[in-house]
Every structure is written in C-alpha cells, then in structure tokens.
Amino acid sequence: MSYHTLETAYHTAGISYSAYRELIDTLLAQGTTTNGDSRPDILDYTKMNVQRMSRLDKTVTLLPDFEAFETLLQQKNTQWLWLILTEGWCGDAAQIVPVMEKIAAQNSHIETRYLMRDANESLMNRHLTNGVSKAIPKLICVRKADWAEIGSWGARPQEAQALVEDYKNNPVGDFKAFAEKLHGWYAKDKTLSTQRELLAAMQIWLEA
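Conventions we followed
- Residues numbered from 1 in each chain as written.
- Predicted model: local features only at pLDDT ≥ 70, side-chain atom pairs only at ≥ 80, totals over all residues.
- Heavy atoms only, no water.
- Helix = DSSP H or I, 4+ residues; strand = E, 2+ residues; numbered from the N terminus.
- Buried < 20%, exposed > 50% of the residue type's maximum accessible area, 1.4 Å probe, protein only.
- Contact = heavy atoms within 4.5 Å.
- Pairing = 2+ DSSP bridges.
- Core = buried A, V, L, I, M, F, W, Y, C linked by side-chain atoms within 4.5 Å.
- Axes fitted to C-alpha atoms, helices over the stretch in contact; angles between N-to-C directions.
- Parallel < 35°, antiparallel > 145°, perpendicular 65-115°, else oblique.
- Left-handed = near helix turned anticlockwise from the far one by under 90°.
- Nonpolar A, V, L, I, M, F, W, Y, C, P; charged D, E, K, R; others polar.
- Patch = residues over 30% accessible without salt bridge, like charges linked within 9 Å, V, L, I, M, F, W, Y side chains within 5 Å.
- Areas by Shrake-Rupley, 256 points an atom, 1.4 Å probe, with all protein chains shown as cover.
- Salt bridge = Lys/Arg side-chain N within 4 Å of Asp/Glu carboxyl O.
- Expected span 1.5 Å × (residues − 1).
- Arc of directions from axis to C-beta.

## Describing the side chain of threonine 32
Position of threonine 32 relative to the elements: it lies in the loop between helix 2 (17–29) and helix 3 (40–59). Looking at threonine 32, the relative accessible area reads 16%, which means it is buried. Sequence-distant contacts of threonine 32, defined by excluding residues within four places in its chain, comprise Leu27, Asp37, Ser38 and Leu43.

## Quick look at the pairing of strand 3 (residues 138–143)
Most of strand 3 sits inside the fold, with six of its six residues counted as buried. On strand 3, burial covers both faces: Lys138, Ile140 and Val142 on one face and Leu139, Cys141 and Arg143 on the other are all buried. Note: strand 1 (residues 80–86) against strand 3, six bridges, orientation antiparallel. Across the sheet, the residue bridging to leucine 85 is lysine 138, located in strand 3. One ladder, built from six bridges, connects strand 3 with strand 4 (residues 148–154); its direction is antiparallel. Following the sheet pairing, cysteine 141 is matched in strand 4 by glycine 151. The turn linking strand 3 back onto strand 4 is made up of four residues, and tryptophan 147 within it adopts a positive phi angle of 55°.

## Some thoughts on the nonpolar core
Residues Trp80, Trp82, Val97, Met202 and Trp205 are the most contacted members of the largest nonpolar core, which totals 59 residues. With eight residues, the single largest contributor to this core is helix 5 (residues 91–105). In this view, tryptophan 205 contacts Trp80, Trp82, Leu139, Cys141, Ile150, Gly151, Ser152 and Trp153; residues no more than four positions away in its chain are not counted.

## Focus on the packing of helix 3 against helix 5
Close contact between helix 3 and helix 5 brings their axes to 9 Å; oriented N to C, the two are set at 25°. When the interaxial angle is binned, helix 3 and helix 5 end up roughly parallel. Pair helix 3 / helix 5 crosses with right-handed handedness. Only Gly91, Ala94, Gln95, Val97, Pro98 and Lys102 of helix 5 make contact with helix 3, whose side of the interface consists of Asn49, Arg52, Met53, Arg55, Leu56 and Asp57. Considered class by class, the residues forming the contact of helix 3 with helix 5 number five nonpolar, three polar and four charged.

## Considering the sheet that holds strand 1
Read across the sheet, four strands follow the order 2-1-3-4 without closing on themselves; strand pairing throughout is mixed. If you trace the sheet from one side to the other, it starts and ends with strand 2 (110–116) and strand 4, each paired once. Taking each pair of neighbouring strands and ignoring which way they run, the sheet shows an average axis angle of 25°. Strands in contact with helix 9 (residues 192–205) are strand 1, strand 2, strand 3 and strand 4; relative to strand 4, the strand with the most contacts, it is inclined by about 160°.

## What to know about a nonpolar patch on the surface
On the surface, a nonpolar cluster with roughly 270 Å² of combined accessible area is contributed by Tyr45, Met48 and Phe175. By the element assignment, methionine 48 lies in helix 3. Assessed through its relative accessible area of 38%, methionine 48 is described here as partly exposed.

## Thoughts on helix 2
Counted at 1.5 Å a residue, the expected span for helix 2 with its 13 residues is 18 Å, and the 19 Å between its end C-alpha atoms agrees. Where helix 2 is concerned, the buried positions are Tyr17, Tyr20, Arg21, Ile24, Leu27 and Leu28. For helix 2, the arc enclosing every buried residue in end-on projection is 130°, short of the 170-degree limit, so these residues lie on one face. Away from its buried face, by an angle of more than 90 degrees, helix 2 presents the exposed residues Glu22 and Ala29. In this structure, the buried side of helix 2 is in contact with helix 3, strand 1, helix 5 and strand 2. Once helix 2 ends, the next one or two residues include glycine 31, with phi positive near 80°.

In short, shape yes, function no, at least from these values alone.
In structure tokens form, the structure reads like this:
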C-alpha cells in the first residue's frame, strides 16, 4: 500500500486543542469565528458549539477497548500524529472533536494538532467526503516515523452521515429543524458511534 507523504509544515501549523478552544473564544469576543465569518447566525452556532464542547469535555467516557492501544503502539514503537481539520462554527465538529481529543489524551503515543479547514484547502481537498464534500471534522492519521498518511476518518459516524445525505437529497423543512434533529441524534447516541468507528479505524491503522 502506498501512502501520501505529509508535509511536515502541517504539524508546525497545527495548534493544540486548548489553543483551538482559546482561539474560538477570542474570536467570538471580537465578533467573528474561525473562518472570519461574522454573520449573527454563524456566531450563534459557534456559541452553541462552545457549550457543546465544554459539556463533552466533562462527560465523555471512553470505551474500555481504547486502554489497550497505548501498549499496542508501544509494542510497535509507533507514534501517531492526528491532524484534525475543523472550524469553530461546525456543529458536527463540536460533537466529535472532544471525543478525538479524549482518546489521544489517554495515549502518549498520539499527538493531536488542529487545523482550520478553510485555511488549509489543499489538505482538505485530499480528504473530501464522497470525493466532493469538504465535510468536517476530518481526522488524518500520520505515522511520525516517515510522515506518511496511513488513514483518515470523518466527517461523521455513518448513521449521522446518512441523516445528512437524506436531507440533502430531500430537504424537507428548513435547515434549522434538520440541525435540531441531527444534534438530537448526537445527544441520544452519547458519542458511542463516534467511539466505535474511531476504534475500528485505529485497529486498521495499527497494521499499516
């Protein structure tokens, strides 16, 4: 299998999760968000996302299966970099990036760096959903030994993605009503689908 070699500049340009959270707060105080959008509805979405992330930071409990991964990565002498494309206004990102960060924080062999989608178009274009959509968040797993991309995941769990695609194909009602339905799904799921899909992806990446 061949892998696309990652430019190390993305590692340098990426920021930590805490810096990402601080960036969103700082920009909101200035009346804007991570891509420079200052429309009132976008700012409202961003404020809601701050609340979602704060809640998930406190409440996410990981599946026990994740505990084994530090040992497995250590046995393989492997270090991963997770590049995570995101934006502060994105509701899906708010529901998912705290889970990604929690997984990485539990494992000393995984480093996360956060990149804004709209400021990193070339990287985003290499990881389009269904080959067409710049959906986020998008996690790109990089093997640090040779800076090779060994896999990616995102932008949503399969069931959530199906809801989005159904709405796009048959947009009944306004987007606000659909967004409430989607976030209702996330609330009911309690991050379990995200965790299970990431766990399955990590098991594949471990063999790369």
